[in-house]
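Summary of structural features
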Amino acid sequence: MVKKTLLWSAIAASFASISTVLASDSDVLSLTDKTFNNEVLDKDIMLVEFFAPWCGHCKALAPEYELAATELKGKIPLAKVDCTENEAICQEHGVQGYPTLKVFRNGEASEYRGARKQAGIVSYMKKQSLPAVSDVTEASALASFKDSDRVVVVAYLKEDDKENKAAFDTLANQLRDDFTFGVVSDEQLAKDENIKEFPALVLYKDFDEKRVDLTGAAVKDEDWTSFVKSNSIPLLDQVDAENFGTYMESGLKLGFVFTSNSEDRAKFDTILRPVAEKYKGKINLVHIDGAKYGGHASNVGLKAENFPAFAIQDLDTAAKYPYTTSDLTTETADDFVNRVLAGVVEPSLNSAEVPESNDGPVKVVVGSQFKDIVLDKSKDVFLEVYAPWCGHCKNLAPTWEKLGEQIKGIKDNNVVIAKLDGGFQVEGFPTLKFFKAETNEMIDYNGDRSYEDLVKFINEQVTDKSFKLDVAAPAEEEKADAEAADHDEL
């Protein structure tokens, strides 16, 4: 027994030693309640992740965060705080969920709004470290600046052009989280870039045609924000949780090309690329992985078993336009897109199939049952509008299920927890709306998505004031739910 104990101690010591080495090799700085202020408050810029070791999303983020820290080493520090061991500093900074990422500038914190992959973290933090508009004065600086990000916007303006300079500053401040902005006033630099006249706006990018110019009268006539946003979206990219928000924000209809294998994707890419180019700025076309996101097919009037397939969705109204003809060619796709944009094609009214069983704690709502379930005036209905690929929706799912279970356990109550896969006019996913009994008054929920805050909201809004839902949520269940959540983020 003594030998076994000694052996175990030796093994444990070895693991501890290895762990120490691994930790010391990390380029992510670990902070505590005691070290946080000294390490963060005097830094020009720093990204801090507040996490919990049991959080599934935190585990998924960890390797990407490490890679980003290594790439930014010596330029922009990345740090992390374990909130299970450092509750004071996490509470001080209003951390309510995991992971929470905040950008600190000389101690002033702002929410991190970038992607959660290495490239997205690096790109976002590089933009945050720059002024809203960088003044580029040398050829070598311009050469590196153009390649500094996936999309770089440069204004070529005369020194005394105060009007356009002010407009460009406004544009840059509005979109600095998404793009890198610079200004060039040197005429020789402009000529070297084939700029024939001031003012000019040039968008440099590492995909598609690599460069798009806005010059002459178009500079005054064009909406600069629309120009930047529409030209920064790749033709026929693969849509997923990382980039879906970009399409939502574009304000354009979205054409989905559902495929389940690389051969079909290549075929449809050849067919639809000319269409995507022709209608660029009017509609976005994307590939979508039917094997992974086939559940979205019903949102656009398609059936998952019929892939490959093509459909268009209006993201503002959720109107859907499935392409129902069997053979899709460049010519037929062009005609279909043109007619949808012209308003000639009527949106499909097909609903997803009614589920065979709908007795679970969360009611599943499809289009044909919306009136019967959501607008049932005998009940209060708390509805989640979600998307199959939305990581935030997957993160919310166990909490939403728990709400349904708790409410279902209360006898003779008139409160329903429900979910709808798209098909409703929303600005993002998930969107939570409370429909009151008797009046169908719709109230938007804009609070934190924790179990406690959702329960408080329900208790405040219920029509039957004798109804009371317990706010307490078992901590161990919360941890298990977080571990079970999918790792994708939107």
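Residues numbered from 1 in each chain as written. Predicted model: local features only at pLDDT ≥ 70, side-chain atom pairs only at ≥ 80, totals over all residues. Heavy atoms only, no water.

The test is simple: UniProt positions are given in the numbering used here, feature names are shortened, and annotations may be inferred rather than shown by experiment.
The chain is annotated in an unreviewed UniProt entry as Protein disulfide-isomerase of Absidia repens. Under Catalytic activity (unreviewed entry), UniProt gives the following word-for-word description of the chain: "Catalyzes the rearrangement of -S-S- bonds in proteins." Of the chain, the UniProt comment under Subcellular location (unreviewed entry) reads exactly: "Endoplasmic reticulum lumen".

**Topic: the overall build of the chain**
Counted only if it meets this: Each helix is a run of H or I in the DSSP string that is no shorter than four residues. Each strand is a run of E no shorter than two, and both are numbered from the N terminus. Burial classes: relative accessible area under 20% of the type maximum marks a residue as buried, over 50% as exposed, and values in between as partly exposed (1.4 Å probe, protein chains only). Throughout, a contact is declared for two residues whenever any of their heavy atoms are within 4.5 Å.
Along its length, the chain carries 18 helices and 20 strands. Expressed as a percentage of the 490 residues in the chain, the buried residues total 46%. Look at the contacts in the chain between residues 6 or more apart in sequence, and 70% of them connect residues 24 or more apart.

**Some thoughts on the pattern of salt bridges**
Applied cut-off: Criterion for a salt bridge: a side-chain nitrogen of Lys or Arg within 4 Å of a carboxyl oxygen of Asp or Glu.
Under the defined criterion, the tally for this structure stands at 16 salt bridges. A salt bridge links Asp-169 to Lys-165, with the nearest nitrogen and oxygen atoms 3.1 Å apart. In this pair, Asp-169 and Lys-165 are both assigned in helix 7 (residues 162–175), four residues apart and thus about one turn of the helix distant. What makes Asp-169 partly exposed here is its relative accessible area of 24%. You can call Lys-165 partly exposed: its relative accessible area is 31%. With a closest N to O distance of 3.4 Å, Glu-193 and Arg-211 form a salt bridge. Of the two residues, Glu-193 sits in the loop between helix 8 (187–192) and strand 9 (200–205) while Arg-211 sits in strand 10 (residues 211–215), which places them 18 residues apart along the sequence.

**A word on the state of the cysteines**
Convention followed: Pairs of cysteine sulfur atoms within 2.5 Å are what we label disulfides.
Within this structure, the stated rule accounts for one disulfide. Note that Cys-83 is cross-linked by a disulfide to Cys-90, the S-S spacing being 2.1 Å. Judged by the sign of its S-S torsion, about -90°, the cystine formed by Cys-83 and Cys-90 is left-handed. A residue is classified by how much of its surface remains accessible, and Cys-83, at 3% relative accessible area, is buried.

**Let's talk about the side chain of Ser-185**
Keep this limit in mind: We define a polar contact as two N or O atoms separated by no more than 3.5 Å, with the added condition that, inside protein, one atom must be a possible hydrogen donor and the other a possible acceptor, whereas residues neighbouring each other in sequence contribute only through side-chain atom pairs.
Inspection of the secondary structure puts Ser-185 in the loop between strand 8 (180–184) and helix 8. Within polar-contact distance, the side chain of Ser-185 engages the backbone oxygen of Leu-157 at 3.0 Å. Excluding its chain neighbours within four sequence positions, the residues that come into contact with Ser-185 are Leu-157, Lys-158, Glu-159 and Phe-198.

**A word on the confidence of the model for the chain**
Here is the rule: Every residue is assigned a pLDDT by the predictor, reflecting its confidence on a scale from 0 to 100.
Looking at the chain, the pLDDT average stands at 84 and 89% of residues meet or exceed 70. Taken together, the stretch residues 1–24 has pLDDT below 50 and engages in zero contacts with residues farther than four places along the chain or on a different chain. Note on residues 474–490: pLDDT under 50 across the span, and 46 contacts to partners over four residues away in sequence or across chains.

**Quick look at the sheet that holds strand 8**
How we decide: Here the rule is simple: two strands pair whenever DSSP picks up at least two bridges between them.
Here we have five strands laid out as an open sheet, ordered 6-8-7-9-10, and mixed in their pairing. Each edge of the open sheet carries a strand with a single partner, namely strand 6 (134–135) and strand 10. Direction of pairing for strand 7 (residues 151–156) relative to strand 9: antiparallel, over a ladder of six bridges. Within the sheet, the bridge partner assigned to Ala-155 lies in strand 9 and is Leu-201.

**Quick word on the packing of aromatic side chains**
Stated formally: Each Phe, Tyr or Trp ring, with Trp reduced to its six-membered ring, pairs with another whose centre is within 6.5 Å; inter-plane angles below 30 degrees give stacked pairs, above 60 give edge-to-face pairs, and intermediate values give tilted ones. Two limits define a charge over a ring: the Lys NZ or Arg CZ must be within 6 Å of the ring centre, and within 35 degrees of the ring normal.
Scanning the entire structure with this criterion turns up 17 aromatic pairs. Note on Tyr-112 and Tyr-124: the rings are 4.6 Å apart at their centroids and 65° apart in plane angle, and the pair reads as edge-to-face. Taken together, the residues span a long stretch of sequence, with Tyr-112 in the loop between strand 5 (108–111) and helix 5 (118–129) and Tyr-124 in helix 5 at a distance of twelve residues. Centroid distance Phe-258 to Phe-307: 5.0 Å. Interplanar angle 15°. Geometry classified as stacked. One end of the pair, Phe-258, is in strand 12 (residues 253–259); the other, Phe-307, is in the loop between helix 13 (290–293) and strand 14 (309–313), with 49 residues separating them in the sequence. Looking at Phe-258, the relative accessible area reads 0%, which means it is buried. In this structure, Lys-402 is placed above the aromatic ring of Tyr-451, and the distance from its NZ or CZ to the ring centre is 5.6 Å.

**Brief notes about the sheet that holds strand 11 (residues 237–238)**
In plain terms, the rule: Axis definition: a line fitted to C-alpha atoms, limited for helices to the stretch in contact. Angles are taken between N-to-C directions and run from 0 to 180 degrees.
If you trace the five strands from one edge of the open sheet to the other, you get 11-13-12-14-15, paired in mixed fashion. Each edge of the sheet is formed by a strand with only one pairing partner; in this case those strands are strand 11 and strand 15 (320–322). By the bridge criterion, seven bridges tie strand 12 to strand 13 (residues 283–289) in an arrangement that is parallel. If you follow Gly-255 over to strand 13, its bridge partner there is Leu-285. The strands touched by helix 12 (residues 262–278) within the sheet are strand 11, strand 12, strand 13 and strand 14, with strand 13 carrying the most contacts at an inclination of about 175°. Sheet strands touched by helix 14 (residues 330–341): strand 12, strand 13, strand 14 and strand 15. Its angle to strand 14, the strand with the most contacts, is close to 15°.

**Things to note about helix 16 (residues 391–408)**
Rule in force here: Between the first and last residue of a helix there are one fewer steps than residues, each counted as 1.5 Å, and that sum is the expected span. The term bend refers to the angle at a residue between two fitted axes, each drawn through seven residues, those ending there and those starting there.
Here helix 16 is 18 residues long and its end C-alpha atoms lie 26 Å apart, about the 26 Å a rise of 1.5 Å per residue gives. Of all the bends in helix 16, the largest measures some 40° and sits at Ala-397, one to four residues before the proline Pro-398. For helix 16, the complete set of buried residues consists of Gly-391, Cys-393, Leu-396, Pro-398, Thr-399, Trp-400, Lys-402, Leu-403, Gly-404 and Ile-407.

**A look at the packing of helix 16 against helix 17 (residues 451–461)**
In a packed pair of helices, the relevant descriptors are the angle between the two axes and the axis-to-axis distance. Definition in use: Orientation labels follow simple angle bins: below 35 degrees gives roughly parallel, above 145 gives roughly antiparallel, 65 to 115 gives roughly perpendicular, and whatever is left gives oblique. Crossings are classed by handedness, with left-handed meaning an anticlockwise turn of the near helix from the far one by less than a right angle and right-handed meaning a clockwise turn. For this classification, the nonpolar set comprises Ala, Val, Leu, Ile, Met, Phe, Trp, Tyr, Cys and Pro, the charged set comprises Asp, Glu, Lys and Arg, and every other residue, Gly included, is treated as polar.
The geometry of helix 16 relative to helix 17 is characterised by a closest axis approach of 10 Å and an angle of 45° between their N-to-C directions. As far as their axial angle goes, helix 17 and helix 16 are oblique. As for how helix 16 packs across helix 17, the hand of that crossing is right-handed. Residue-level contacts link Leu-396, Thr-399, Trp-400, Lys-402, Leu-403, Gln-406 and Ile-407 of helix 16 to Tyr-451, Leu-454, Val-455 and Ile-458 of helix 17. The residue makeup of the contact of helix 16 with helix 17, split by class, is eight nonpolar, two polar and one charged.

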